[in-house]
Amino acid sequence: MITINLEDLSSDVHTRRTLSDISLSVAKSRKIVVVTGAGISCSCGIPDFRSSDGLYALVKQQYPDVVLKGRDLFDASLFRDPASRAVFYTFISQLKQSVDAASPTPTHHFIKTLDAKKKLLRSYTQNIDGLEARAGLLGTSEMKQNSSAKSRLSLKDVRNVQLHGDIHRVQCVACSAEYACTTEHTQMFGQGAPPECPDCLSRSAARLARSARPIRVGTLRPAIVLYDEPHPHGDEIGVIQSSDITRKPDLLIVMGTSLKVHGLKKLVKEFAKTVQASTSSTSKISKKRYKVIFVNKTPPSSDWEDIIDCHIAGETDQWVTKVIEDWKKLKPADWEVQQTLVSVDNVKTIKGGFKVVKDSKVVTKNTKQGIVFCVNSSNA
């Protein structure tokens, strides 16, 4: 593994050359897997969970007697105690408001660009903020929303796998019914109390109406996955990952994560192994191609030394901006606007940037190659 510091970009020729080579790897790849963590959302004001002192300080003012560390707020064990549960709900309310005020970063838009250019095999994220969806990438949380047979999503439709759930959804702890997280939900969470589940209330009321014994009414909690907690969509995510490995990705980009969570480490290592194997069996290129790229302000631990090809030290937004800049220079054809011939009311028109000229006459000529459309204009 080599390390390239983005701070040296303007002063060091070797850094510029290496970053250009990496940009070329991105531009030439056809099946890219992207794995992201909280670091890609920090620039839009959403706090990293490992440095969430700002929001946590606000919550501590409301619950000064509760002893919890920042990481404890995302551990499943907090549901065993009513006091820590109330702190969790209040913290989530503050975080949800912070997320709602944020916008996708250049890194989110970069992942969407890879998808638009037909280069993204899949995006996997630890983040619960849903900013990938706002950038235009359909996430796994949509699978639950579109569960009917007619609207069920295919694996190909899901562009972003949400490994830790979605803060924009709530789920019943009793019946697992899911809903969009509304302002009313957020307000109740802010008071440290969860709202009751409408499905449970409805079924309980129906039982009472026919003189049957009422059922337990569950409460709603954020549809996010805490530490030591199974993922409600774990089976679907496993199917997606297996499918992606079978399709032999040719580049792995890991951004904004410390790679310390066990499940994510396993996922990244499996993809890295597949990428390196597919590269070694097909590569006929003498020049080094960087296939496993890690972009983060801090380096990975030593056990990644033989897995990651390059650690790019710095902000993810700066790196993706550099990649797009290099890509446009190295492969300008990828950025040409495609002109499309469309028919509107039986009139053939061309979309994609041609100037409309008044008093034009369309003339067709039959040639050996087919029909040629010519535009004659008195203004030409």
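Please read all numbers here as calculations on a predicted model, not as lab measurements.

I keep staring at the environment of Val225 and nothing clicks. Help me out?
With respect to the secondary-structure elements, Val225 resides in the loop between β7 (220–224) and α9 (234–246). Relative accessible area serves as the criterion here: at 16%, Val225 is assigned to the buried category. Considering only alpha carbons, one finds Val225 and Leu163, 62 residues apart in sequence, at a separation of 7.9 Å. Val225 has contacts with Leu163, His164, Gly165, Pro230, His231 and Pro232, leaving out every residue within four places of it along the chain.

For this particular structure, what's the right way to read empty space enclosed by the protein?
The method is simple in principle: a probe with the dimensions of a water molecule rolls over the atoms, and the space it marks as empty is what remains. By the definition in use, this model includes 2 cavities of 30 Å³ or more. Looking at the second largest cavity, the residues that line it are Gly39, Ile40, Cys42, Ser43, Glu315, Thr316 and Asp317. The class makeup of the residues in the lining of the second largest cavity is 2 nonpolar, 3 polar and 2 charged.

Got a minute to help me understand the packing of helix α1 (residues 13–28) against helix α11 (residues 316–330) in this structure?
Packed helix pairs are specified by the crossing angle of their axes together with the interaxial distance, meaning the distance between the axes. Where α1 meets α11, the axes come as close as 9 Å, and the angle between the chain directions of the two elements is 75 degrees. Taken as axis vectors, α1 and α11 run roughly perpendicular relative to one another. Residues Leu19, Ser20, Ile22, Ser23, Leu24, Val26 and Ala27 of α1 touch α11, and the partners they reach there are Trp319, Lys322, Val323, Asp326, Trp327 and Leu330.

How do you make sense of α1 when you look at a structure like this?
Residues spaced three or four apart along an α-helix face the same direction, because each turn holds 3.6 residues. With 16 residues, α1 should reach 22 Å at 1.5 Å per residue; the first-to-last C-alpha distance of 23 Å fits that figure. Along α1, the positions that sit buried rather than exposed are Thr15, Thr18, Leu19, Asp21, Ile22, Ser23, Ser25, Val26 and Ala27. Its side-chain oxygen 3.4 Å from the backbone nitrogen of His14, Asp12 forms the N-cap of α1.

Hey, could you run me through a positive patch on the surface in this one?
Together, Lys31, Lys118, Lys156, Arg247 and Lys248 give the surface a local cluster of positive charge. Of note, Arg247 is situated in the loop between α9 and β8 (251–255).

What exactly am I supposed to notice about the nonpolar core here?
Considering soluble globular proteins, one finds that nonpolar side chains tend to be buried as a cluster. The biggest cluster of nonpolar side chains holds 32 residues, and the ones touching the most others in it are Val87, Phe88, Leu95, Ile167, Ile224 and Leu226. At 8 residues, the largest contribution of residues to this core is made by helix α3 (residues 82–100). In this structure Val87 touches Val59, Tyr63, Val66, Leu68 and Leu73, once residues within four positions along its chain are discounted.

Help me understand the pairing of strand β10 (residues 310–313) in this model?
Both faces of the sheet carry side chains from a regular strand, because those side chains alternate between them. Side-chain alternation along β10 places Cys310 and Ile312 on one buried face and His311 and Ala313 on a second face that is also buried. Two strands pair when backbone bridges link them, and strand β1 (residues 2–5) and β10 are joined in this way by 4 bridges, in the parallel orientation. In the sheet register, Ile4 faces β10, and the bridge partner there is Ile312. When strand β9 (residues 292–296) meets β10, the two strands line up parallel, connected through 4 bridges. What sits directly across from Ile293, in β10, is Cys310.

How should I be thinking about the packing of helix α4 (residues 106–116) against α11 in this particular structure?
Contact pair α4 / α11: the axes reach a minimum separation of 8 Å and the direction vectors enclose 40 degrees. Here α4 lies oblique to α11, going by the angle between them. Our pair here, α4 against α11, has a crossing hand that is left-handed. Facing α4, whose interface residues are Pro106, Thr107, Phe110, Thr113 and Leu114, α11 presents Thr316, Asp317, Trp319, Val320, Val323, Ile324 and Trp327. Taken together, the residues that form the contact of α4 with α11 break down as 8 nonpolar, 3 polar and 1 charged.

How do you make sense of the confidence of the model for the chain when you look at a structure like this?
Mean pLDDT over the chain works out to 84, with 80% of the residues at or above the 70 mark. This model gives residues 353–380 a pLDDT under 50, and the stretch forms 30 contacts once residues within four places in sequence are excluded.

In this structure, what is going on with the packing of aromatic side chains? I would like to understand it.
A ring pair, where both rings are aromatic, is described by two values, the distance of the centres and the angle of the planes. Applying the stated criterion to the full structure yields 8 aromatic pairs. Arranged with centres 5.6 Å apart and planes meeting at 55 degrees, the rings of Phe88 and Tyr89 form a pair that is tilted. A residue is classified by how much of its surface remains accessible, and Phe88, at 0% relative accessible area, is buried. Taking relative accessible area as the criterion, Tyr89 reaches 2% and is therefore assigned buried. Relative to Phe189, the ring of Tyr89 has its centre 5.2 Å away and its plane inclined at 10 degrees; by these criteria the two rings are stacked. With Tyr89 in helix α3 and Phe189 in helix α7 (residues 183–190), this pair connects stretches of sequence that are 100 residues apart. Classification of Phe189 by relative accessible area gives buried; the value is 2%. An aromatic cluster of at least three residues, connected via ring pairs, comprises Phe79, Phe88, Tyr89 and Phe189.

Here is what the cut-offs are and how they apply
Residues numbered from 1 in each chain as written. Predicted model: local features only at pLDDT ≥ 70, side-chain atom pairs only at ≥ 80, totals over all residues. Heavy atoms only, no water. Helix = DSSP H or I, 4+ residues; strand = E, 2+ residues; numbered from the N terminus. Buried < 20%, exposed > 50% of the residue type's maximum accessible area, 1.4 Å probe, protein only. Contact = heavy atoms within 4.5 Å. 1 Å grid on protein atoms, 1.4 Å probe; cavity = no way out; pocket = protein on both sides within 12 Å on 5 of 7 lines; lining within 4 Å. Points joined across faces, edges and corners; volume = space filled by probe spheres on them. Nonpolar A, V, L, I, M, F, W, Y, C, P; charged D, E, K, R; others polar. Axes fitted to C-alpha atoms, helices over the stretch in contact; angles between N-to-C directions. Parallel < 35°, antiparallel > 145°, perpendicular 65-115°, else oblique. Expected span 1.5 Å × (residues − 1). Polar contact = N/O pair within 3.5 Å; in protein donor to acceptor, adjacent residues only side chain to side chain. Patch = residues over 30% accessible without salt bridge, like charges linked within 9 Å, V, L, I, M, F, W, Y side chains within 5 Å. Areas by Shrake-Rupley, 256 points an atom, 1.4 Å probe, with all protein chains shown as cover. Salt bridge = Lys/Arg side-chain N within 4 Å of Asp/Glu carboxyl O. Lys, Arg positive; Asp, Glu negative; His and termini not counted. Charge placed at Lys NZ, Arg CZ, Asp CG, Glu CD. Core = buried A, V, L, I, M, F, W, Y, C linked by side-chain atoms within 4.5 Å. Pairing = 2+ DSSP bridges. Left-handed = near helix turned anticlockwise from the far one by under 90°. pLDDT = per-residue confidence, 0-100. Phe/Tyr/Trp six-rings, centres within 6.5 Å; stacked < 30°, edge-to-face > 60°.

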